[in-house]
Amino acid sequence: MSETTQDGAVATSAPPSPDDGLTPAQLAVKYGLSVSGARPGLMDYIRQLWGRRHFIIAFSQAKLTAQYSQAKLGQLWQVATPLLNALVYYLVFGILLDSKRGIEHDVFVPFLVTGVFVFTFTQSSVMAGVRAISGNLGLVRALHFPRASLPISFALQQLQQLLFSMIVLLIIVVAFGSYPSLSWLLILPALALQFVFNIGLALIMARLGSKTPDLAQLMPFVMRTWMYASGVMFSIPIMLADKDVPPWVTDALQWNPAAVYMDLIRFALIDGYGRGNLPPHVWPVALGWAIVLGAVGFVYFWKAEERYGRG
């Protein structure tokens, strides 16, 4: 199109665009554009996460190797740290406070070490989850990948560390008279359920910690309280038997997930720790905790996917 101006010059104008009148959203649909960093659908997110499985495994192994790279004893600290914690708890609770009452000495030592190792698995997964996003902002901002890879990778790192510790645990259990049997195979489903539970908890804490870094300073106190309420150093029903507490308090403490997973592994490993020490319906409870926390944690984390690393 053209038109004549006052001085006789001819001015031309561009023909109307076929995009005239379209909103930005309509233009995006027309040309197949999407918002950078937008949250994908839940099923697409799961597929993306599965596609990064090799990264998750490699990242967890690299973190595990680097964790004690500056220490002279290196990876031995993976076993020495929880073992020293167990020794301290034995001296304080087993001897000074006599928390082993009602439990034979040959049972109490593997009972205590198992509790410390298994609870440390959950505790370390939670603490690593809190810092999974806030402590890796450079990686989050530089690369595009499903952010859930980080807390899952840290939980996997703690599982690998626990497996190293289990070697020492099995030696201690045998040394105190509990020998290998078919019940030891129950460790596998118990640890698998605890791993799923830990992932869900790590995902929840990762989202909370991404906006509230001070949460990392608070969590050690929360975890210590949880440890004391979970029967790591004592048997919950025996300790509360002579206390004037309602029965539901004992049930609630025994059904808390940390206590449930510890008791399952104790039952699997220790001959003197019989079925009577377990709360009723313990396997359905363990499965329920894993499914609920795993699903809730994953969805809760996914809903804030596009906000991680921004602001």
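A brief report on the enclosed structure follows. For every chain, the first residue of its written sequence is number 1, and the numbers climb from 1 along that sequence. The predicted nature of this model means local features are confined to residues of pLDDT at least 70 and side-chain atom pairs, given and counted, to a pLDDT of 80 or more, with totals for whole chains, interfaces and linings taken over all residues. Note that water and hydrogens are dropped before the side-chain values are worked out from all heavy atoms of the structure.

Whenever a helix is involved, its axis is fitted only over the stretch in contact; in every case the axis is a line through C-alpha atoms, and angles between N-to-C directions fall within 0 to 180 degrees. Note on conventions: DSSP H or I runs of at least 4 residues are helices, E runs of at least 2 residues are strands, and numbering of each starts at the N terminus. Viewed as axis vectors pointing N to C, helix 8 (residues 187–211) and helix 9 (residues 215–228) meet at an angle of 145°, and their least axial separation amounts to 11 Å. In terms of crossing hand, the pair formed by helix 8 and helix 9 is right-handed. Within the contact between the two elements, helix 8 uses Phe197, Leu201, Met205, Leu208 and Gly209 and helix 9 uses Leu215, Met219 and Trp226. Taken together, the residues of the contact of helix 8 with helix 9 sort by class into seven nonpolar, one polar and no charged. What makes a crossing left-handed is the near helix being turned counterclockwise from the far one by less than a right angle; a clockwise turn instead makes it right-handed. Two residues form a contact once any of their heavy atoms are found within 4.5 Å. Polar here means any residue outside two lists: the nonpolar Ala, Val, Leu, Ile, Met, Phe, Trp, Tyr, Cys and Pro, and the charged Asp, Glu, Lys and Arg; Gly therefore counts as polar.

It is worth spelling out the side chain of glutamate 305 at this point. Tracing the backbone shows glutamate 305 in the segment after helix 13 (282–302). Despite its burial, glutamate 305 pairs with no opposite charge; the closest candidate is arginine 147, at 4.3 Å N-O. Nitrogen and oxygen atoms within 3.5 Å of one another constitute a polar contact, given that in protein one can donate a hydrogen and the other can accept it, and given that sequence-neighbouring residues count only through two side-chain atoms. Looking at glutamate 305, its side chain comes within polar contact range of the side chain of tyrosine 45, at 2.6 Å. Within the structure, glutamate 305 has its side chain in polar contact with the backbone nitrogen of arginine 147 (distance 3.0 Å). The residues touching glutamate 305, leaving out its near neighbours within four places in the chain, are Arg39, Pro40, Tyr45, Phe145, Pro146, Arg147 and Ala148. When a residue's accessible area, from a 1.4 Å probe over protein chains only, is under 20% of the maximum for its type it is buried; when over 50% it is exposed; and in between it is partly exposed. None of His or the chain ends enter the tally, which takes Lys and Arg as positive and Asp and Glu as negative. Salt bridges, as used here, are contacts in which a Lys or Arg side-chain nitrogen is within 4 Å of a carboxyl oxygen on Asp or Glu.

Attention shifts here to unusual backbone geometry. Notably, histidine 281 is not glycine yet its phi reads approximately 55°, a positive angle. With respect to the helices and strands, the residue histidine 281 is situated in the loop between helix 12 (257–269) and helix 13. A relative accessible area of 62% means that histidine 281 is categorised as exposed.

Let's shift gears to the nonpolar core. Grouping buried Ala, Val, Leu, Ile, Met, Phe, Trp, Tyr and Cys residues that are joined through side-chain atoms within 4.5 Å yields what is termed a nonpolar core. Formed by 90 residues in total, the largest nonpolar core has its most connected members in Phe119, Met219, Leu269 and Phe301. No other element matches helix 5 (residues 105–130), which puts 15 residues into this core. In this structure leucine 269 touches Thr114, Met166, Leu169, Leu170, Val173, Ser178, Trp184 and Ile187, once residues within four positions along its chain are discounted.

On to the packing of aromatic side chains, then. Think of it this way: a Phe, Tyr or Trp ring, Trp meaning its six-membered ring, pairs with another when their centres are within 6.5 Å, and the plane angle makes it stacked under 30 degrees, edge-to-face over 60, tilted otherwise. If you walk through the whole model with that rule in mind, you get 10 aromatic pairs. Where phenylalanine 59 meets phenylalanine 154, the ring centres are 5.9 Å apart and the plane angle is 75°; that geometry is what we call edge-to-face. With phenylalanine 59 in helix 3 (residues 53–67) and phenylalanine 154 in helix 7 (residues 149–175), this residue pair connects regions lying 95 residues apart in the sequence. Exposure remark for phenylalanine 59: the relative accessible area of 14% places this residue in the buried category.

A separate point is helix 4 (residues 77–96). In this model, helix 4 (20 residues) spans 27 Å end to end at C-alpha, consistent with the 28 Å of a helix rising 1.5 Å per residue. Along helix 4, the sharpest kink reaches roughly 30°, centred on tyrosine 90. Taken as a whole, helix 4 has its buried residues at Gln78, Val79, Pro82, Ala86, Tyr89, Tyr90, Phe93 and Gly94. Each element contacted by the buried residues of helix 4 is listed here: helix 3, helix 5, helix 7 and helix 9. A helix is expected to span 1.5 Å multiplied by its residue count minus one. A residue's bend is given by the angle between axes fitted to the 7 residues ending at it and the 7 residues starting at it.

Let's shift gears to the packing of helix 5 against helix 9. Helix 9 packs onto helix 5 with a crossing angle of 165° between their chain directions and a minimal axis gap of 10 Å. Put simply, helix 5 runs roughly antiparallel to helix 9. Considering how the two elements wind past one another, helix 5 and helix 9 form a crossing that is right-handed. Residue-level inspection shows Phe119, Thr122, Gln123, Val126, Met127 and Val130 of helix 5 in contact with helix 9, the latter providing Leu215, Ala216, Met219, Pro220, Met223, Trp226 and Met227. Taken together, the residues of the contact of helix 5 with helix 9 sort by class into 11 nonpolar, two polar and no charged. Just so you know how the angles are binned, under 35 degrees is roughly parallel, over 145 roughly antiparallel, 65 to 115 roughly perpendicular, and the rest oblique.

Now for the environment of phenylalanine 267. Tracing the backbone shows phenylalanine 267 in helix 12. Residue class for phenylalanine 267 comes out buried when judged on its relative accessible area of 17%. Between the C-alpha atoms of phenylalanine 267 and leucine 278, which are 11 residues apart in sequence, the distance is 7.9 Å. Apart from residues no more than four positions distant in its own chain, phenylalanine 267 is found in contact with Leu186, Tyr273, Gly274, Arg275 and Leu278.

Mapped onto the secondary structure, isoleucine 265 falls in helix 12. In contact with isoleucine 265, other than residues within four places in its own chain, are Thr114, Val118, Ala190, Leu191 and Gln194.

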